[in-house]
Every structure is written in C-alpha cells, then in structure tokens.
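# Understanding the architecture of this molecule
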Amino acid sequence: MVGSSNRVESFPDATDLEASIPFPTPSLTPFQVHNVSVPQEQTTFQSLKQRLGEVFFPDDPFHQFKNKSFLRKMVLALHYFFPIFQWGSDYHLKLLKSDAISGVTIASLAIPQGISYAKLAGLPPVIGLYSSFVPPLIYSVLGSSRDLAVGPVSIASLVMGSMLREVVSPDKEPTLYLQLAFTATFFAGVFQASLVVGSCRLGFIVDFLSKPTLTGFMGGAAIIVSLQQLKGLLGIVHFTTKMGFIPVMQSVFENRTEWAWQTVVMGLSFLAFLLIARHISLRRPKLFWVSAAAPLTSVILSTILSFIFKAPNHGIKTIGHLQEGVNPPSVNMLDFGGPYLSLAIKTGIITGILALTEGMAVGRTFASLKNYQIDGNKEMVAIGAMNMAGSCASCYVTTGSFSRSAVNYNAGCKTALSNIVMASAVLFTMLFLMPLFYYTPNVMLSAIIIAAVIGLIDVRGAFLLWKVDKFDFLACMSAFFGVLLVSVQMGLAIAVGISLFKILIHATRPNTVILGNVPGTNSYRNLAQYREAVRVPSFLILGIESPIYFTNSMYLQERILRWVREEEERIVKSNESSLKCIVLDMAAVTAMDTNGMEALSELKKTFDRRSLDLVLANPVGEVAQKLSRSGTWELFGSEHIYMTVGEAIAAASYKCQT
C-alpha cells in the first residue's frame, strides 16, 4: 500500500538492527524506514497542460504579464514581440556614440564580405550588398541579441551555391538561378519562423546538430570554400563545378597552363596581409579594428592598383559594373511552381537549418560574455522574418555572422542599433559608391573569403574532442571527411545522422553501474568512480542512469540479469556469503513507460523464482505514480520500495535476520 512520507516504520530494537547489517553504518538509533510517497493525482487536462508547458514554454515567457493592468500588458506585449521598443525606450546619446562606431566598423567588413559571399553563392556581387541592407533592419526590430551583426555568411552561401549549381548553371541560366536563390531564401525563412518551428516554440530541434558534428562540418566546409577560391586566386578560367576535394585539386593541376602569375602575386600578397591583420587582432584584442578594416582596406588598395596599372589588360579580371540604387523588389521572381520547386524547398530547408544554427550559436556566445539572455524562439522568428522579407527584396539567405558579430562586440556596441547604422552605411554605398568597385579585382574577393573562413577550422577543438570523448571525435571526423571527400550536402547528412545515432545509442543502451557503500557514510556510489567504496555482502546494488522506455527496457532487463550472474560467479570464486537481495537505485530514472514497468515486473517474478529479493530505492514522483497506477507497486509490495538505498539495505538486512 502506498504511504505518506510522514509515516514511518519503526523497528523494535535498533541495536539488533545494527548487528544484523553486515557492514559498518552510522548510528541508526532510532531506526526508521520512510514510506515512499506518490504525487497527488492530477486530471488528464492538468497533466497535459503541465507537460506541454514544460516542452514548449520552459522559460515561462508570460510570467511578466501576471497581475498587470491591461495597458501595462499591452506595453509588455509590444516589448516582447518587438524588442526594439524595449531597449529603445531607455536609449540615450551615450549609447548612440558606441553603436555608431560599431555600426560603421562592421560596415567596413560587411561590404567586401557581402560582395565576396554573393560570388561564393554564384550570385551577382550586388546581391551581397542588398543582403547586407534589408535583413539587418528587420533584425534590429525583432531580434533579442544586442551584439549579433547579420548578413550573408560563408557556409550558407557555399551550400546554396553547391546545391543550386548541381541543377542550374549561374552562367548559362542566370535569371533562373536567381529565381531559385530567392525562392530558396523564402522557404528558408518560412522554415525558420513558421508555426512548426517558431510560434510553436520547437527551437530545440536545431539542437540535434551537436557541437562535434558542427565542428567537423564547418571545418570541412571551410576547406572546400578555400579550395573553390583557387579558381580566382590562380586566375583559372575553366574550373570544375564539383565541390569535392579530389575533383577540385584535379581541376587545379589539369588547368595549370591557365595560371596567371600577375593574379597569383596580387592574390597571395593581399591574402598574407589579411591573415597578418587577423593574427594581430587575435593576439591583441584591443586592436580588433585592424582585422575589421583589413578587407575594406584591401579592396581600396587593390582597386587603386588595378586602375593605375590597367589590370584587365594583364589578365586580372575585375568585378565590373554594379547596379546603383536600393534593392529592387523580387516578389515576381519567387517561383512556387515548375520543375525546380523541390530543389528550392530542399535548398531552403538545409540552408535555413545551417543559418539558424550559426545565428543562434553566435548570439548565445556573445550574450554569455555580457551576461544577458537571448530568446531562442524570438531569434528564429527574427531570422526567419528577415529571410522571408529579404527574398522579396533581392536578398539571399542571411543570419548572424561570427566574424562581424565579434567585431561588433569588440567595437563596444550596446544595442541592435549598430545593425541600423551598418545598413545605413551599406545604403550610402549602394547609392553613391558603386562605380568605385568597377576595377576591384575578383582575386581580391577570393582572398577575403579564404581569410574569413580559415577561422572556422577548429583544430584545437578537434584535439579536445579526442581527449574528452572518442565517439564525439569520430562524429567530428566523419562529418569533416564527408564534406571534404563526398559533398557538402552529404557531409551535413552525415553530421545529422551521427547526431541522431548518438541519441539512439544513449536511449537504447543506457548506463548501469554497481554501487558500494562509502565507509563512514550512508552514501552509495559507483565502485568504478569511488575506489574507497565497498560492496555490501549479500547485496547487489545497481544504479540505472536513464529513463526506462520501450527502446531500452529489454536491454536493461537482460543487463540486470547479467549483472546478477556475474555477481554470483564472483561470490563463488571469492567464497563470500551468497547473494540475497538486488537493490535498484531509481534516483536517475526520471521517466518510465509501460514497457519499463513490464520489465520490472518480469524481473521481480524471475528473482522470486530464484529466492532473491528485488528492491526499488528512491523512485521519483512520476515513476512512483505510474508504478502505483499500473499495479506494479502492489506486485512489489511496500516492503520492497524504499526512499533511500541505505534504508532499503538496513530494512532488508533486518528482515533477513528475523
């Protein structure tokens, strides 16, 4: 019968009890065994409401609306859905100075990177500038991060370009390619901010991409991006459209007759300059502006040199004419029919996942440095909204950039207004400075891309994975070589597959350990972890470190039987007292389904036939409730369910002596 935690079972003579326990214990006078309680019953509606609330609203976002007037609730709702009103209401001129400096600084980085990343995606360079104007404005209104600087990023650009190029050539069918890019961007935004992800608060879905798999994927993608830039860096005209390491290297050496030494010299010179600037900023964080200004400085210097020495006459290709003016509307270019719709959807979802993962990771990183929280679901809505709106304004997939956000943070930004300042600088460039890019060499864009993505290769992180967790290292390397040797899409698929496989392994093969008593205490710990812990004669104490579900119940049943068999064999060899009782420590079993309860029942019946006691210790509330409802509690009996392992062993020892 299930009892209250206030009720206790008292043994008549504590001295007799201590004598019956076959190992040293602390004082047990007076000895009491506390009955295990079952939580108060809830209605189905109450239980469902609580569970859904924990799944979708773990942060309780509506707590701020409680006990507030209607007008105050409206103001708070405005702050919640449009964070710009929250930080804007307290804005002052001192903040403006910091944000203005930060905005201009990241604009100097965003302009050359935007042009370069658009080229990486196979799009006209001006699309990169368009994508650095509209999305930052939208994010500054909806985003919850103070430090995130948004715009085009290398990985999403690479993936979009590689997936679309497999079907459509940007050189042969530029209009169709542009339509697919905008349509894919729209679907990326829909995926990020739709009811399925954003409004239903399923932001935890992106967490299925584990850090080790992302480390490997990003490293492999960074190398592929760099190798692709050899076309511009060496001046090669005929270059493979494939993304794998082997075909790229074959193309480089098969077309070595096309290498142009003038292009190589200019490219390597400015690449060295960019890498040195990056190294200086890494060694001395206060000189962050050196690496931030280096790309724009390189563009200006290379453009001047190209103009003075008439670079096009020496085989060095330049960007050429860029259309002046603000973003033209592109709603009419969104194609929701035709034979390429599935390609646009697939590309949009994959780039959307990558953009979302990178943006949220960057936002959380800098939020932790400034000791504030960002709302992951707000971030998804903001990133999704800016991509949906951007697809209608000639923009392609954008998200939070780590390099630009790092510059933004180091420049001393205070609010998201720095994004507005950056967008204003980009707008000024599009309106008045576009002709200045006519003589900018293409090789300069390749150098900027290589310098930007080289930081994504995290060798130190890979070594740490090898040191800490070999399985995580295997996942990292599998994703890395999948990208490098097969394709970017396959590398991403491998990364996701390995993440899911790891979850499956943990779910189906949970850990079980043998516990022993730490001398002088009532504490029972893993024998493999605590060498001073000792076995309790005649008892086998097992700790189950996982919920028990249909996926692992059969495994746990078999594993516990094996533990018992091995313990009996050990006892025979060491000539110890025979095994009488198995204690299952259920403290870490946070949940259990009907398969789990059936497995416990089968174990109970099996051990009863072998004259062995099976005792449960410390079942948590939900588990105790299910055991009570299912009848498993009655099968065990209250005398076989205890609040602690110590009480279970003490009571079982006493009963064995009486």
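Rules used throughout
- Residues numbered from 1 in each chain as written.
- Predicted model: local features only at pLDDT ≥ 70, side-chain atom pairs only at ≥ 80, totals over all residues.
- Heavy atoms only, no water.
- Salt bridge = Lys/Arg side-chain N within 4 Å of Asp/Glu carboxyl O.
- Helix = DSSP H or I, 4+ residues; strand = E, 2+ residues; numbered from the N terminus.
- Buried < 20%, exposed > 50% of the residue type's maximum accessible area, 1.4 Å probe, protein only.
- Pairing = 2+ DSSP bridges.
- Contact = heavy atoms within 4.5 Å.
- Axes fitted to C-alpha atoms, helices over the stretch in contact; angles between N-to-C directions.
- Patch = residues over 30% accessible without salt bridge, like charges linked within 9 Å, V, L, I, M, F, W, Y side chains within 5 Å.
- Areas by Shrake-Rupley, 256 points an atom, 1.4 Å probe, with all protein chains shown as cover.
- Phe/Tyr/Trp six-rings, centres within 6.5 Å; stacked < 30°, edge-to-face > 60°.
- Expected span 1.5 Å × (residues − 1).
- Bend = angle between axes of the 7 residues up to and from the residue.
- pLDDT = per-residue confidence, 0-100.
- Parallel < 35°, antiparallel > 145°, perpendicular 65-115°, else oblique.
- Left-handed = near helix turned anticlockwise from the far one by under 90°.
- Nonpolar A, V, L, I, M, F, W, Y, C, P; charged D, E, K, R; others polar.
- Polar contact = N/O pair within 3.5 Å; in protein donor to acceptor, adjacent residues only side chain to side chain.
- Right-handed = clockwise from strand over helix to strand, strands pointing away.
- Core = buried A, V, L, I, M, F, W, Y, C linked by side-chain atoms within 4.5 Å.

### Let's talk about the pattern of salt bridges
On inspection of all chains with the given rule, the structure shows 10 salt bridges. The salt bridge partner of Glu-566 is Arg-562, with a shortest N-O separation of 2.9 Å. In this pair, Glu-566 and Arg-562 both sit in helix α24 (residues 553-574), four residues apart, roughly one turn of the helix. By relative accessible area, Glu-566 is classed as partly exposed at 28%. Relative accessible area serves as the criterion here: at 39%, Arg-562 is assigned to the partly exposed category. With a closest N to O distance of 3.5 Å, Asp-608 and Lys-604 form a salt bridge.

### Overview of the sheet that holds strand β9 (residues 613-617)
The six strands lie next to each other as β6-β5-β7-β8-β9-β10, forming an open sheet whose pairing is mixed. Each end of this open sheet is capped by a strand with a single partner; those strands are β6 (524-526) and β10 (641-642). In this sheet, β10 lies alongside β9 in parallel orientation, the contact comprising two bridges. By the bridge assignment for β10, Leu-616 is matched with Ile-641. Sheet contacts for α24: β5 (512-517), β7 (539-544) and β8 (581-585); angle to β7, the most-contacted strand, approximately 150 degrees. The strands touched by helix α25 (residues 594-609) within the sheet are β8 and β9, with β9 carrying the most contacts at an inclination of about 145 degrees.

### Remarks on unusual backbone geometry
Positive phi outside glycine occurs at Asn-371, with the angle close to 60 degrees. When its relative accessible area of 72% is taken as the criterion, Asn-371 is described as exposed. One non-glycine residue, Asn-618, lies in positive phi territory at about 60 degrees. Within the fold, Asn-618 resides in the loop between β9 and α26 (621-630).

### A closer look at a nonpolar patch on the surface
A contiguous nonpolar surface patch, about 530 Å² in accessible area, is contributed by Phe-245, Ile-246, Phe-481, Leu-485, Val-486 and Met-490. Those elements giving two or more residues to the nonpolar patch turn out to be α13 (245-254) and α22 (470-485). Checked against the element boundaries, Val-486 lands in the loop between α22 and α23 (488-508). Val-486 sits in the partly exposed class, given a relative accessible area of 48%.

### Structural notes on the packing of aromatic side chains
Enumeration over the complete set of coordinates arrives at 15 aromatic pairs. Aromatic side chains Phe-428 and Phe-432 sit 5.1 Å apart centroid to centroid with 50 degrees between the ring planes, which places their arrangement in the tilted category. Pair noted here: Phe-428 and Phe-432 are both in helix α19 (residues 417-433), with a separation of four residues, about one helical turn. Residue class for Phe-432 comes out exposed when judged on its relative accessible area of 53%. Aromatic side chains Tyr-438 and Tyr-439 sit 5.2 Å apart centroid to centroid with 70 degrees between the ring planes, which places their arrangement in the edge-to-face category. By the ring-pair criterion, three or more aromatic residues cluster together here, those being Phe-186, Phe-187 and Phe-336.

### Description of helix α5 (residues 93-120)
Residues separated by three or four positions in an α-helix point in the same direction, a consequence of the helix having 3.6 residues per turn. Here α5 spans 39 Å end to end across 28 residues, near enough to the 40 Å set by a 1.5 Å rise per residue. The axis of α5 is deflected most strongly, by about 25 degrees, at Ala-110, and proline Pro-112 appears within four residues downstream. In terms of burial, α5 is a largely internal element, 20 of the 28 residues being buried. Positive phi appears at Gly-122, one or two residues downstream of α5, with a value of about 80 degrees.

### Some thoughts on the confidence of the model for the protein chain
The share of residues in the protein chain with pLDDT of 70 or more is 91%, and the mean pLDDT across the chain is 85. Predicted confidence is poor over residues 1-8, with pLDDT under 50, and the contacts of this stretch with residues over four places away or in other chains come to 21 contacts. Note that pLDDT drops below 50 for residues 10-30; the model gives that stretch 33 contacts with residues more than four away or on any other chain.

### Side note on the packing of α5 against helix α18 (residues 402-410)
When two helices pack together, their arrangement is captured by the angle between the axes and the distance separating the axes. One can describe the packing of α5 onto α18 by two numbers: an axis separation of 9 Å at closest approach and a directional angle of 165 degrees. The orientation of α5 relative to α18 falls into the category roughly antiparallel. By crossing handedness, the relation of α5 to α18 is classed as right-handed. For the pair formed by α5 and α18, the contact residues are Ser-102, Thr-105, Ile-106, Leu-109, Ala-110, Gln-113 and Tyr-117 on the first element and Ser-403, Arg-404, Val-407 and Asn-408 on the second. For the contact of α5 with α18, a count of residues per class yields five nonpolar, five polar and one charged.

### Topic: α25
The first and last C-alpha atoms of α25 sit 23 Å apart over 16 residues, in line with the 22 Å expected at 1.5 Å per residue. Of the residues making up α25, those classed as buried are Gly-596, Met-597, Ala-599, Leu-600, Ser-601, Leu-603, Lys-604, Thr-606 and Phe-607. In this fold, the buried residues of α25 make contact with α24, β8, β9, α26 and α27 (632-636). N-cap assignment for α25: the residue whose side-chain oxygen lies 3.1 Å from the backbone N of Asn-595 is Asp-593. Looking one or two places after α25, you find Ser-611, whose phi comes out positive at around 60 degrees.

### Points about the pairing of β8
Along β8, five of the five residues are buried, which leaves the element largely enclosed by surrounding structure. Here β8 shows two buried faces, one formed by Cys-581, Val-583 and Asp-585 and the other by Ile-582 and Leu-584. A crossover connection joins β7 to the parallel β8 through α24; in handedness this β-α-β unit is right-handed. The pairing of β8 with β9 spans five bridges and is classified as parallel.

### Considerations on the pairing of β7
Here β7 lies mainly inside the structure; six of its six residues are buried. What you see with β7 is no split at all: Phe-539, Ile-541 and Gly-543 on one side and Leu-540, Leu-542 and Ile-544 on the other are buried throughout. Pairing of β5 with β7, which is carried by four bridges, proceeds in the antiparallel orientation. The partner of Ile-514 across the bridge, within β7, is Leu-542.

### Points about the nonpolar core
Leu-123, Ile-127, Leu-158, Val-159, Phe-217 and Tyr-396 are the most contacted members of the largest nonpolar core, which totals 106 residues. Ignoring anything within four residues of it in the chain, the contact list for Leu-123 reads Ala-118, Tyr-177, Leu-178, Ala-181 and Tyr-396. Core analysis: the second largest hydrophobic core is formed by 30 residues, Ile-560, Met-586, Met-597 and Trp-633 among them.

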